[in-house]
There are 2 protein chains.
Amino acid sequence: MDAAILEHSLKGGDGHQVPIDLPRFQQVVQYFKSQIANGSLTEHAPLPSERRIAEDYDISRMTARRALDALEAEGFVYSEDRRGRFVTPKRVSYDVSNMVSFVAEANSRGLALEIEVVRAMKSQADAILVEKLGLEPGAEVYAYTRLFRNNGHAIFVETEYVNAQRCPGFLEHDLHQSTTRLLEARYDLSASTGDIAILMRAATAEETSLLSLARNSAGIELTQIIRDASGRAFCFGRQFWRGEAARFSARAIVERSVND
Amino acid sequence: MDAAILEHSLKGGDGHQVPIDLPRFQQVVQYFKSQIANGSLTEHAPLPSERRIAEDYDISRMTARRALDALEAEGFVYSEDRRGRFVTPKRVSYDVSNMVSFVAEANSRGLALEIEVVRAMKSQADAILVEKLGLEPGAEVYAYTRLFRNNGHAIFVETEYVNAQRCPGFLEHDLHQSTTRLLEARYDLSASTGDIAILMRAATAEETSLLSLARNSAGIELTQIIRDASGRAFCFGRQFWRGEAARFSARAIVERSVND
DNA sequence: TGCGCAAGCTGGTATATACCATATAGTGTG
DNA sequence: CACACTATATGGTATATACCAGCTTGCGCA
């Protein structure tokens with residue numbers, strides 16, 4: 001494709017009208033957005049290289065780069081270092097009100113969810129865990145970090161902490177499965193309530209590399225405290241999601257006072 | 001401050017150790033992150049200009065820009081066109097399980113929440129509203145868009161749609177207040193359950209300008225369907241938040257089956 | 001005193017260029 | 001056939017430079 005064809009496309013040749021006074025890099029952004037929207041570029045399809053785009057559209061490589069960086073920041077494409085840029089796949093849905101295992105539920109919906117255990121260790125509760133899990137300072141916890149992929153594409157990384165006293169020998173089990181199930185089957189700990197928090201933040205260095213994110217990119221952190229019927233917390237989890245990878249849903253129910 | 005002082009700071013002069021093999025723009029990123037973290041730069045404090053940073057740290061302006069763009073993408077600073085860059089204020093908390101008005105609740109917690117009505121009109125339900133509000137195609141709805149500021153800093157923009165038939169004359173009321181309250185007081189419509197969805201996405205053009213976001217930046221969309229006790233939806237809302245402006249929390253409760 | 005204009009500052013866009021490190025594919029050799 | 005090397009392409013970092021548009025400030029004039 002050459003610049004003339006881009007002009008053609010941008011001016012509405014394929015039915016997509018674009019304001020003509022946009023900066024050039026924004027025109028390229030719009031062009032690829034429309035290509036993704038109309039299905040010309042599908043999930044994981046490679047985009048042209050920076051140099052190719054610069055040449056084709058008669059802009060400098062840095063300008064092409066600005067366009068691609070913008071597409072990446074908005075979540076439309078992801079990049080792999082020295083390999084290329086690719087179209088971001090569709091989001092997965094995560095119902096946080098549903099306290100049964102996300103893993104099991106996702107797989108039953110046809111998702112091909114793979115788990116990679118990054119790290120697993122026993123350690124001592126720090127200040128945060130003391131608060132979240134209601135432990136005494138220095139109490140032992142099992143901590144394990146797992147990377148979750150959907151169809152081979154990394155979507156989030158999770159670190160969970162479980163009370164070691166209540167779950168002896170926890171790490172000896174296979175962690176390539178739903179830990180909610182594990183806790184229920186082996187330790188008779190079943191989730192009754194959960195406190196969930198969601199926020200957008202920058203990825204840490206480890207998250208950046210595990211999720212092959214661009215440097216300095218943001219994503220979604222979801223933390224979860226799981227309690228048993230007596231209200232005691234037995235598991236604390238922190239997930240960091242690629243921002244464009246998920247849609248979180250929840251159900252709220254107004255609590256009626258006892259006088260109702 | 002000159003380059004030598006930056007080097008000094010980066011190498012641990014102020015107690016902050018930074019890997020020496022980082023790219024130069026990342027060193028600047030780290031430097032400002034630490035300045036924000038240790039309180040040397042507080043909420044809304046101005047950062048040096050691109051040119052000033054370039055000169056002080058002996059890097060080109062484009063490299064300084066890369067650093068500032070990174071800080072902005074990560075949510076640590078926000079920029080105002082041709083005015084400067086400033087430190088992002090602290091997040092506000094939003095409990096989505098709490099179905100009473102966010103506005104009223106936030107103000108009672110000491111937040112100075114201001115509302116600006118951007119648009120208010122009567123229109124006809126499109127396909128999305130037909131589904132979300134359970135209306136017949138072409139049914140009338142009131143639609144209004146409001147911008148919310150905290151201490152003068154824009155944090156999110158919301159568009160709500162209410163069933164016009166159930167809420168006659170809705171737009172004649174003052175929209176600078178909690179609409180949850182309004183619906184309850186004037187139309188006897190009180191929230192019983194809500195379906196909430198949260199996802200990270202790119203800002204639209206209007207959101208970008210209302211929230212004075214950088215071009216192509218991402219934020220958080222929160223949609224909410226509010227239902228009465230009979231399960232009928234009477235209000236659909238869509239909020240778009242600055243990504244770094246909020247922390248959303250929710251409470252999940254496992255639903256026991258009737259056999260329990 | 002108050003208004004208006006100009007200068008200087010800011011961020012935003014854009015180009016051209018250079019070099020680096022590595023992923024990938026193609027080539028050649030044992 | 002298997003392995004090692006090499007050429008090429010890719011994204012990542014960095015510089016120097018130029019111009020634009022609009023916000024702020026301060027100066028000078030009425």
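These numbers were taken from a predicted model, which means no experiment stands behind them. (Residues numbered from 1 in each chain as written. Chains lettered and ligands numbered in written order. Predicted model: local features only at pLDDT ≥ 70, side-chain atom pairs only at ≥ 80, totals over all residues. Heavy atoms only, no water.)

**Student:** So what's going on with the domain arrangement of chain A? Residues and values would help.
**Tutor:** All names here are of chain A. As far as domains go, chain A holds domain 1 (3-87) and domain 2 (92-249). Once you take the C-alpha centre of each, domain 1 and domain 2 turn out to be 36 Å apart. In this assembly, 5 residues from domain 1 lie in contact with 5 residues from domain 2. Both faces combined, the contact of domain 1 with domain 2 buries some 410 Å², and carbon together with sulfur accounts for 56% of it. For the pair domain 1 and domain 2, the interface holds 0 salt bridges. At the junction of domain 1 with domain 2, the criterion picks out 0 residue pairs in polar contact (both at pLDDT 80 or more). In the side of domain 1 that touches domain 2, the residues fall into 1 nonpolar, 3 polar and 1 charged. (Domains from an automatic or database assignment. Contact = heavy atoms within 4.5 Å. Buried area = accessible area lost by both parts, 1.4 Å probe. Salt bridge = Lys/Arg side-chain N within 4 Å of Asp/Glu carboxyl O. Polar contact = N/O pair within 3.5 Å; in protein donor to acceptor, adjacent residues only side chain to side chain. Nonpolar A, V, L, I, M, F, W, Y, C, P; charged D, E, K, R; others polar.)

**Student:** Tell me about the protein's contact with DNA strand C, and please be specific about residues and values.
**Tutor:** The environment of DNA strand C is formed by 23 residues, the closest being R24, T63 and R83 of chain A together with R65 and R215 of chain B. Near-protein atoms of DNA strand C (within 4 Å) split between backbone and bases, with sugar and phosphate holding 63%. The separation between a phosphate oxygen of DNA strand C and a polar side-chain atom of T63 of chain A is 2.5 Å. A distance of 3.0 Å is found between a phosphate oxygen of DNA strand C and a side-chain nitrogen or oxygen belonging to S49 of chain B. (Near = heavy atom within 4 Å.)

**Student:** I'd like to hear about the protein's contact with DNA strand D, residue by residue, with values.
**Tutor:** Taken together, 23 residues lie around DNA strand D, and R65, R82 and R215 of chain A together with R24 and T63 of chain B are the ones closest in. Sugar and phosphate atoms form 64% of the subset of DNA strand D atoms that lie within 4 Å of the protein. Taking T63 of chain B, its side chain carries an N or O atom lying 2.5 Å from a phosphate oxygen of DNA strand D. Residue assignment for the surface near DNA strand D shows that the elements contributing at least two residues are α3 (50-57), α4 (61-73) and β2 (84-87) of chain A together with α2 (24-37) and α4 (61-73) of chain B. With 4 residues, α4 of chain B is the largest single contributor of residues to the surface near DNA strand D. Taken together, the residues that form the surface near DNA strand D break down as 5 nonpolar, 5 polar and 13 charged. (Helix = DSSP H or I, 4+ residues; strand = E, 2+ residues; numbered from the N terminus.)

**Student:** An account of the relation of the copies chain B and chain A is needed here, citing residue identities and associated values.
**Tutor:** Least-squares fitting of chain B to chain A yields an RMSD of 0.0 Å, with the transformation described by 0.0 Å of translation along the axis and a rotation of 180°. Interpreted geometrically, this transformation is the action of a two-fold axis. Most of the interface of chain B is mirrored in chain A, where 100% of its interface residues again form contacts. (Least-squares fit on C-alpha atoms with pLDDT ≥ 70 in both.)

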